[in-house]
Amino acid sequence: MAGPMAGKCGVVVGVANKRSLAWAAAKSLAAQGARVALTYQGERLREGVEKLAGELGPKTLTFPCDVIHLRQMDRLAESLKREFGGLDFLVHSIAFAPTEDLKGRFRQISRKGFHRAMDVSVYSLVALAHRLSPLMAGREASVVTLTYVGATRVIPNYNLMGVAKAALESSVRYLAYDLGEEGTRVNAISAGPVRTLSASAVGDFVKILDHVEQTAPLRRNIEAGDVGNVVAFLCSPASRNITGDVLFVDSGSHAMGV
Ligand code: NAP
């Protein structure tokens, strides 16, 4: 297929269903000519993800990858090496925090939840980048992850995930420096609120959507496809000198003081 991503191949981690930002990213990358492999967290999601993969093309590959298990990330790297030889992009679009740590008093977040959120939402980016870096080296490859303005500003109820996103954004900068030597870029997209499975776990999420619509410079919420298009841009040669950055796709919300 022709397009800026023609001849490039990569993996998108984090498709749960058709509302997932990861799915929007996979569609944009495929529409621009890339060969995209998808992962699913476990058997529960396998059938749904395989069905979506079929929409990208009959030969779209899917692999299991629950990032809690290091061995599954090792196996993913082995499978991608076998199937693709090398890799031009990694899209990391996963996060987890227990629902009870996404509402109420921040000071009550649990230790167990803290460890789990950091492991799934932050360490997984570093661990995947590490395992896939030999496949990406020397190909001007790109790593993209998803973050939220709650990393640097207080968003009531976002609580534990805000701390995890701050660590994720810092990891983006350290990874950008570490992988830059091999020509691999690392960036994050800070997306405005979008109704997805994960987002529904955040307390009063509808209020956040209403707030953006009323106060953002563009007075509207974003769509998953807006994020997908910027993921494709960050994976394409058009962004070849952008790395270690956080790009906002949020109708300009982050620019506002009130
Ligand atoms: P989503 O569709 O629910 O995607 C989250 C993904 O993370 C799911 O596929 C989920 O799988 C996966 N995940 C959780 N634990 C995992 C594990 N142990 N191993 C592998 N995968 C795991 O929600 P989304 O909104 O698209 O979220 C994608 C990313 O965008 C997240 O980093 C999120 O924080 C970020 N983001 C979202 C918004 C928003 O408003 N939606 C805004 C800014 C940033 P399961 O469903 O099986 O748990």
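Residues numbered from 1 in each chain as written. Predicted model: local features only at pLDDT ≥ 70, side-chain atom pairs only at ≥ 80, totals over all residues. Heavy atoms only, no water.

Q: Looking at this model, I keep getting lost on the sheet that holds strand 4 (residues 89-92). Mind explaining?
A: Hydrogen bonds along the backbone pair up the strands of a sheet, which may run parallel or antiparallel. Strand order in this open sheet of 7 strands is 3-2-1-4-5-6-7, and the pairing throughout is parallel. The sheet terminates laterally at strand 3 (62-64) and strand 7 (246-249), the two strands that pair on one side only. For this sheet the average axis-to-axis angle between neighbouring strands, irrespective of direction, equals 20°. Pairing between strand 6 (residues 185-191) and strand 7: 4 bridges, direction parallel. What sits directly across from alanine 188, in strand 7, is valine 246. In the packing of helix 1 (residues 21-31) onto the sheet, contacts are made with strand 1 (9-13), strand 2 (35-40), strand 4, strand 5 (142-147) and strand 6, and the angle to strand 2 comes to roughly 165°. (Pairing = 2+ DSSP bridges. Helix = DSSP H or I, 4+ residues; strand = E, 2+ residues; numbered from the N terminus. Axes fitted to C-alpha atoms, helices over the stretch in contact; angles between N-to-C directions. Contact = heavy atoms within 4.5 Å.)

Q: Looking at this model, I keep getting lost on the pairing of strand 6. Mind explaining?
A: Within a regular beta strand, the side chains point alternately toward one face of the sheet and then the other, so they alternate between its two faces. Of all 7 residues in strand 6, 7 are buried, a share of seventy percent or more. Bridge count between strand 5 and strand 6: 6 bridges; the pairing is parallel. Residue pairing for strand 6: threonine 145 is matched across the bridge by alanine 188. Crossover handedness for the path strand 5 to helix 5 (residues 159-180) to strand 6: right-handed. (Buried < 20%, exposed > 50% of the residue type's maximum accessible area, 1.4 Å probe, protein only. Right-handed = clockwise from strand over helix to strand, strands pointing away.)

Q: Would you explain the packing of helix 3 (residues 70-84) against helix 4 (residues 111-136) in this entry?
A: For any two helices packed against each other, one specifies the crossing angle of their axes together with the interaxial distance. Contact geometry for helix 3 and helix 4: axes closest at 10 Å, N-to-C directions at 30°. Of the possible angle classes, the one that applies to helix 3 and helix 4 is roughly parallel. The chirality of how helix 3 crosses helix 4 is right-handed. Of the residues in helix 4, those in contact with Leu70, Met73, Asp74, Leu76, Ala77, Leu80 and Lys81 of helix 3 are Tyr123, Ser124, Ala127, Leu128, Arg131, Leu132 and Leu135. Residue composition of the contact of helix 3 with helix 4, grouped by class: 10 nonpolar, 1 polar and 3 charged. (Parallel < 35°, antiparallel > 145°, perpendicular 65-115°, else oblique. Left-handed = near helix turned anticlockwise from the far one by under 90°. Nonpolar A, V, L, I, M, F, W, Y, C, P; charged D, E, K, R; others polar.)

Q: I tried to follow the packing of aromatic side chains on my own but got confused; where do I start?
A: Within a pair of aromatic rings, the relevant descriptors are the distance that separates the centres and the angle that separates the planes. Here the structure, examined in full by the defined rule, presents 1 aromatic pair. Between tyrosine 148 and tyrosine 158, the aromatic rings sit 4.8 Å apart at their centres with planes inclined by 70°, giving edge-to-face as the arrangement. Taken together, the residues tyrosine 148 in the loop between strand 5 and helix 5 and tyrosine 158 in the loop between strand 5 and helix 5 connect sequence positions 10 residues apart. The buried category is assigned to tyrosine 148, whose relative accessible area is 11%. Here the basic side chain of arginine 116 rests over the ring of phenylalanine 96, its NZ or CZ set 5.6 Å away from the ring centre. (Phe/Tyr/Trp six-rings, centres within 6.5 Å; stacked < 30°, edge-to-face > 60°. Lys NZ or Arg CZ within 6 Å of the ring centre and 35° of its normal.)

Q: I would appreciate a short explanation of the pattern of salt bridges in the present structure.
A: Pairing between side chains of opposite charge can happen when the charged atoms of each approach one another. The final tally for this structure, using the stated rule, is 8 salt bridges. The salt bridge partner of aspartate 88 is arginine 139, with a shortest N-O separation of 3.1 Å. Pair noted here: aspartate 88 is in the loop between helix 3 and strand 4 and arginine 139 is in the loop between helix 4 and strand 5, with a separation of 51 residues, a long-range link. For aspartate 88, a relative accessible area of 5% corresponds to the buried category. In this structure, aspartate 204 engages lysine 207 in a salt bridge whose closest nitrogen and oxygen atoms are separated by 3.7 Å. For aspartate 204, a relative accessible area of 46% translates into the label partly exposed. Since its relative accessible area comes to 56%, lysine 207 is described here as exposed. (Salt bridge = Lys/Arg side-chain N within 4 Å of Asp/Glu carboxyl O.)

Q: Would you mind going over the environment of arginine 75 with me for this structure?
A: Tracing the backbone through its elements, the reader meets arginine 75 in helix 3. For arginine 75 and proline 64, which are 11 residues apart along the polypeptide, the C-alpha to C-alpha distance reads 8.8 Å.

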